[in-house]
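Each chain, written out:
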Amino acid sequence: MGKLFGSNGVRGVANKDFNIELVTRLAAACGTILGKEIAVGRDFRTTSPLFRNAAVAGLLSVGCNVHDFGVLPTPALQHSVRRLRLSGGLMITASHNPPRFNGVKVMASDGVEIPKRLEEKVEELTLSGDFEAVEWDKVGKVTYAEVLTHYIDAVLSHVDVGGIKKAGFKVSIDPGNGTSTLAAPTVAQRLGCSVYTVNSEPDGRFPGRESEPRPDNLEALRALVKATSSDLGVAFDGDADRSMFTDEYGEVLWGDRIIAIVAKDYTKRHPGSRLVTPVSSSKVITDVIVEGGGSVLLTKVGSVEISRAMVEHRIDLGGEETGGILYGPHQPVRDGCMALALILDIMQRRGKSLGALDNELPKYYQAKDRVQCPNDIKPRVLESLVARVKAPHIDRKDGVKIFFDDNNWILFRPSGTEPIFRLYAEADTQARADELVATNKRLIEETVAKLEHARVTG
Ligand code: MG
């Protein structure tokens, strides 16, 4: 059986491996498994209207009623599925991928992407085509609804709107031509901010910058922050679940630092709170949670892993280093607009700039690299690493994470799609982090060479 679902739904190149036949079947399978009332939304991609129609056709054919929310941020669709008590939702988006891609994110009735066991059921039914088209008089109906206002109201209900208004912040926003342009400037305006934007025209070809916001492609936002003396800058990915911030100097803050700022504030107000984050996250997050008397639950890498762990263990906070803030009191999924409102709220309550809030946090240094390794020997390479390395603690939730002491660690993760290992290290100094990556990269290369040699001669 082929593997349709990646770490965030089904994705592919539009009209190639991701095509209308696949989407129609996938939607029919989802409708059969999830229930009768299904929301459909989409992003601005040039192929999204096409795949929206395919999804709607598949859903109607198995007797589902379709609630079409039009173009909107993914978190707005997720929020609306739960608010309107629908059976599930399909979001046509390839998130932050290049414009030639498209995809579907499948939500359960709680608005969170469906868990692994349901993905497997949907996948099986999509591939077998064993769903039933209904009789002519049982075909579903399409209704249209505007849900963005409710979503924005919900985001604002979790922060001190009056307090933020009083602070009179200036905010620079870079939607990257994506769907956040429909919500983020409104959120900031309703919080009394002066709003400046760049790349805010809706355009599924993403002419402004790559859809994935990264420290190295936010020059325009950084310049805007400086030119307007903004208090912060924020950039979103194509479907507005991920956000990346700059401080008042236009310096980009890593996702981990933003999570730590939110977590530190939350645990001050709710001592003993727990937080969910993947094994690849920085220790700065653990530090602030432990200081607040709480604990951190580490998961495999992937936002759905975080969301599902939050739901299962009733945990309020989650974070993903690539710019995902999951705020349970609102909804246990990544939500870029919620992240923006939370950061502004913390700034006004603490009376500190974003740069100052960042400076309060412990400082750690990261290094990353990748190393080639054929897929079939990855498990044996990991076993031999575990056998060779002397360390007080080794975590095997996702790949192998080796803790040399409290603050120095390295993570080896086998890529699910490429013949490589990803290496992440964190340490007290940049030199130590670089050294951890360099030494362990050599160790893997040696192990791979040995195993390959054994294969050739054996
Ligand atoms: Mg996204």
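Just above, that's the structure.
Residues numbered from 1 in each chain as written. Predicted model: local features only at pLDDT ≥ 70, side-chain atom pairs only at ≥ 80, totals over all residues. Heavy atoms only, no water.

## Points about helix H2 (residues 48-61)
Reasoning step 1: For H2, with 14 residues, the first-to-last C-alpha span of 20 Å sits near the 20 Å given by 1.5 Å per residue.
Reasoning step 2: The set of residues buried in H2 consists of Ser 48, Phe 51, Arg 52, Ala 54, Ala 55, Val 56, Gly 58, Leu 59 and Leu 60.
Reasoning step 3: Residues of H2 that are buried in the fold lie against helix H1 (20-34), strand S3 (37-42), strand S4 (65-71), strand S5 (88-92), strand S6 (101-107) and strand S7 (142-144).
Reasoning step 4: Gly 63 lies just past H2 and shows a positive phi near 90°. (Helix = DSSP H or I, 4+ residues; strand = E, 2+ residues; numbered from the N terminus. Expected span 1.5 Å × (residues − 1). Buried < 20%, exposed > 50% of the residue type's maximum accessible area, 1.4 Å probe, protein only. Contact = heavy atoms within 4.5 Å.)

## Considerations on the packing of H1 against helix H4 (residues 116-128)
Reasoning step 1: One way to put it is that H1 packs onto H4 with a least axis distance of 8 Å and a crossing angle of 130°. Comparing the axis directions of H1 and H4 gives the class oblique. Crossing geometry of H1 relative to H4 is assigned as right-handed. Facing Leu 22, Arg 25, Leu 26, Ala 29, Cys 30, Thr 32, Ile 33 and Leu 34 of H1, the residues of H4 in contact are Leu 118, Lys 121, Val 122, Leu 125, Thr 126, Leu 127 and Ser 128.
Reasoning step 2: Tallied by class, residues from the contact of H1 with H4 come to ten nonpolar, three polar and two charged. (Axes fitted to C-alpha atoms, helices over the stretch in contact; angles between N-to-C directions. Parallel < 35°, antiparallel > 145°, perpendicular 65-115°, else oblique. Left-handed = near helix turned anticlockwise from the far one by under 90°. Nonpolar A, V, L, I, M, F, W, Y, C, P; charged D, E, K, R; others polar.)

## Section: the sheet that holds S3
Reasoning step 1: Overall, mixed pairing links the seven strands, which are arranged S1-S2-S6-S5-S3-S4-S7 in an open sheet. Strands at the two margins of the open sheet, each flanked by one partner only, are strand S1 (5-6) and S7.
Reasoning step 2: Examined bridge by bridge, S1 and strand S2 (residues 9-13) share two bridges and lie antiparallel to one another. The partner of Phe 5 across the bridge, within S2, is Val 10.
Reasoning step 3: The strands touched by H1 within the sheet are S1, S2, S3, S5 and S6, with S6 carrying the most contacts at an inclination of about 5°.
Reasoning step 4: Contacts between H2 and the sheet are confined to S3, S4, S5, S6 and S7, with S3 contributing the most and set at about 170° to the helix. (Pairing = 2+ DSSP bridges.)

## A short note on the packing of aromatic side chains
Reasoning step 1: Applying the stated criterion across every chain yields a total of two aromatic pairs.
Reasoning step 2: Taken together, a centroid distance of 4.8 Å and an interplanar angle of 70° make the contact between Phe 18 and Phe 51 edge-to-face. Placement of Phe 18 in the loop between S2 and H1 and of Phe 51 in helix H2 is noted, with a sequence separation of 33 residues between them. For the pair Phe 18 and Phe 51, one class covers both residues: buried. (Phe/Tyr/Trp six-rings, centres within 6.5 Å; stacked < 30°, edge-to-face > 60°.)

## Observations concerning the packing of helix H3 (residues 74-83) against helix H5 (residues 148-156)
Reasoning step 1: It is the contact of H3 with H5, at a shortest axis distance of 9 Å, that shows an interaxial angle of 95°. In terms of orientation, H3 lies roughly perpendicular with respect to H5. Each of Pro 75, Ala 76, His 79 and Arg 83 in H3 lies in contact with H5, whose residues at this interface are Leu 148, His 150, Tyr 151 and Ala 154.
Reasoning step 2: Partitioning the contact of H3 with H5 into residue classes produces five nonpolar, two polar and one charged.

## Here we look at the layout of surface pockets
Reasoning step 1: Looking at the second largest pocket, its volume works out to about 380 Å³.
Reasoning step 2: The wall of the second largest pocket is formed by 22 residues, among which Trp 254, Asp 256, Tyr 364, Tyr 365 and Gln 366 lie closest to the centre.
Reasoning step 3: Those elements giving two or more residues to the lining of the second largest pocket turn out to be strand S12 (252-253), helix H9 (255-269), strand S17 (365-372) and strand S21 (420-427).
Reasoning step 4: Per-class residue counts for the lining of the second largest pocket are eight nonpolar, six polar and eight charged.
Reasoning step 5: Two domains each provide a minimum of three residues to the lining of the second largest pocket, namely domain 2 (151-359) and domain 3 (365-457). (1 Å grid on protein atoms, 1.4 Å probe; cavity = no way out; pocket = protein on both sides within 12 Å on 5 of 7 lines; lining within 4 Å. Points joined across faces, edges and corners; volume = space filled by probe spheres on them. Domains from an automatic or database assignment.)

## Structural notes on the state of the cysteines
Should the sulfur atoms of two cysteines be covalently bonded, the bond is a disulfide.
Reasoning step 1: Under the counting rule described, the total for this entry stands at zero disulfides.
Reasoning step 2: Free of any disulfide, Cys 30 has its nearest cysteine sulfur in Cys 64, 9.2 Å distant.
Reasoning step 3: With no disulfide of its own, Cys 337 has Cys 193 as its nearest cysteine by sulfur position, at a separation of 12 Å. (Disulfide = S-S within 2.5 Å.)

## A few points about the environment of Lys 16
Reasoning step 1: Within the secondary structure, Lys 16 sits in the loop between S2 and H1.
Reasoning step 2: Given a relative accessible area of 61%, Lys 16 falls into the exposed group.
Reasoning step 3: Distance in space between the C-alpha atoms of Lys 16 and Lys 36 is 30 Å, their sequence separation being 20 residues.

## Side note on the nonpolar core
Reasoning step 1: Grouped together as the largest cluster of nonpolar side chains are 60 residues, with contacts concentrated most on Leu 191, Leu 232, Phe 245, Ile 343, Leu 344 and Leu 354.
Reasoning step 2: If you tally residues by element for this core, the top one is helix H12 (residues 336-350), at ten residues.
Reasoning step 3: Beyond its immediate stretch of four places on either side in the chain, Leu 344 contacts Ile 164, Phe 169, Val 171, Leu 191, Cys 193 and Leu 232.
Reasoning step 4: Ranked by size, the runner-up nonpolar core spans 33 residues in total, among them Phe 18, Cys 30, Val 40 and Leu 59. (Core = buried A, V, L, I, M, F, W, Y, C linked by side-chain atoms within 4.5 Å.)

Note that every value here comes from positions in space, so none of it alone points to a role or purpose.
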